[in-house]
Amino acid sequence: MVCLGNICRSPIAEGVLKNKIVEHGLNWVVDSAGTESYHVGEAPHHFSQKVCLAHGIDISGQRARQFVNEDFVRFDKIYAFAGDVLNEIKEIGGRYPPMGKVDYFLNELNPGSNQSVPDPYYGTESGYVTVYKLIDATCDAIIKKYKQ
Ligand code: 4NP
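Heads up: these notes are all about the structure in this document. None of the values given here were measured: they were computed from a predicted structure.

Attention now goes to the overall build of the protein. When helices and strands are counted, the protein shows 5 helices and 4 strands. For the protein, the α and β elements follow one another from N to C terminus as β-α-β-α-α-β-α-β-α. A globule of 148 residues ought to have a C-alpha radius of gyration of about 15 Å, and the protein, at 14 Å, matches this closely. A principal-axis box enclosing the C-alpha atoms of the protein has dimensions of 40 × 40 × 30 Å. In the protein, which comprises 148 residues, the share counted as buried stands at 44%. Relative to all contacts within the protein whose residues are 6 or more apart in sequence, the contacts with residues 24 or more apart total 70%. Only carbon and sulfur atoms are counted for the fraction: they give 51% of the accessible area of the protein, which is about 7,700 Å². Across the protein, the mean location of the 15 positive side-chain charges is 5 Å away from that of the 18 negative side-chain charges.

Structure, rendered in structure tokens:
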């Protein structure tokens, strides 16, 4: 789960998908990262924590990290939360990144749409609620598609 800062959108997705993984008894490994380094080491945004906790999901222990080339090896799927993020993922991947592993996160909800999850960082709390709902629906689609 990769966004820009790894403090607003992708931490919600990490928390939500991990929660569903437990509910469905799966053994998937999920992590999140940001393509930028501004917020490395920080806990998720207050409103991201708040909306998750309202749904029984505690993401307070997460810490922001930057996406690294090695993530292409560690993970089978890499979800970009926006177009600029997807471009930066490609850049961090170096010369021949396996871009077949990378897709827009929202393509799991609306295939082929190449939509970005709106960036709530400069907005109000309601933006985080909107983003949570989108992420929750998309994580349901991911579970349905990949659960064996
Ligand atoms: P995120 O949100 O990518 O969902 O974590 C943002 C966090 C920080 C910034 C932009 C977006 N920023 O410009 O610092």
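The next subject is the nonpolar core. Grouped together as the largest cluster of nonpolar side chains are 23 residues, with contacts concentrated most on Met-1, Ile-12, Leu-17, Phe-81, Phe-105 and Ile-135. Among the elements of the structure, α1 (9-23), α2 (46-53) and α5 (125-146) are those that each provide at least two residues to this core. Of the residues forming this core, the biggest block, 6 residues, is contributed by α5. Dropping the residues within four chain positions of it, Ile-135 is found in contact with Arg-9, Ile-12, Ala-13, Val-16, Phe-81 and Phe-105. Within the second largest apolar cluster, 13 residues are counted, among which are Ala-33, Phe-75, Ala-82 and Tyr-104.

What follows covers the side chain of Arg-9. Tracing the chain through its elements places Arg-9 in helix α1. Buried within the structure, Arg-9 lacks any salt-bridge partner; its nearest side chain of opposite charge belongs to Asp-119, at an N-O separation of 4.0 Å. When near neighbours in sequence (up to four residues on either side) are disregarded, Arg-9 contacts Cys-3, Leu-4, Phe-81, Ala-82, Val-117, Pro-118, Asp-119, Pro-120, Val-131 and Ile-135.

Moving on: the site of the ligand. Neighbouring the ligand are the residues Cys-3, Leu-4, Gly-5, Asn-6, Ile-7, Cys-8, Arg-9, Tyr-38, His-39, Asp-119, Tyr-121 and Tyr-122. Here an oxygen atom of the ligand sits 3.4 Å away from a polar atom, N or O, in the side chain of Tyr-122. Within the complex, the protein chains bury 92% of what would otherwise be the 350 Å² of accessible surface of the ligand. In the shell around the ligand, the residues fall into 7 nonpolar, 3 polar and 2 charged.

Given 3.6 residues per turn, any residue in an α-helix points the same way as the ones three and four places further on. Taking 1.5 Å per residue, 22 residues should reach 32 Å; α5 reaches 32 Å between its end C-alpha atoms and fits that length. Within the sequence span of α5, burial applies to Tyr-128, Val-131, Tyr-132, Ile-135, Thr-138, Cys-139, Ala-141, Ile-142 and Ile-143. Where α5 is buried, its residues touch α1, α2 and β3 (78-80).

Locating Gly-34 in the fold gives a position in strand β2 (residues 33-34). Residues Gly-34 and Gln-66 lie 32 residues apart in sequence; the distance between their C-alpha atoms is 4.8 Å. Residues within four places of Gly-34 in sequence aside, it is in contact with Val-2, Cys-3, Leu-4, Gly-5, Asn-6, Arg-65, Gln-66 and Phe-67.

The next subject is the packing of aromatic side chains. Applying the stated rule across the entire model yields 5 aromatic pairs. Members of the aromatic cluster, each reached through a chain of ring pairs, are Tyr-79, Phe-81 and Phe-105.

Analysis parameters
Residues numbered from 1 in each chain as written. Predicted model: local features only at pLDDT ≥ 70, side-chain atom pairs only at ≥ 80, totals over all residues. Heavy atoms only, no water. Helix = DSSP H or I, 4+ residues; strand = E, 2+ residues; numbered from the N terminus. Rg over C-alpha atoms; globule rule 2.2 N^0.38 Å. Buried < 20%, exposed > 50% of the residue type's maximum accessible area, 1.4 Å probe, protein only. Contact = heavy atoms within 4.5 Å. Areas by Shrake-Rupley, 256 points an atom, 1.4 Å probe, with all protein chains shown as cover. Lys, Arg positive; Asp, Glu negative; His and termini not counted. Charge placed at Lys NZ, Arg CZ, Asp CG, Glu CD. Core = buried A, V, L, I, M, F, W, Y, C linked by side-chain atoms within 4.5 Å. Salt bridge = Lys/Arg side-chain N within 4 Å of Asp/Glu carboxyl O. Near = heavy atom within 4 Å. Polar contact = N/O pair within 3.5 Å; in protein donor to acceptor, adjacent residues only side chain to side chain. Nonpolar A, V, L, I, M, F, W, Y, C, P; charged D, E, K, R; others polar. Expected span 1.5 Å × (residues − 1). Phe/Tyr/Trp six-rings, centres within 6.5 Å; stacked < 30°, edge-to-face > 60°.

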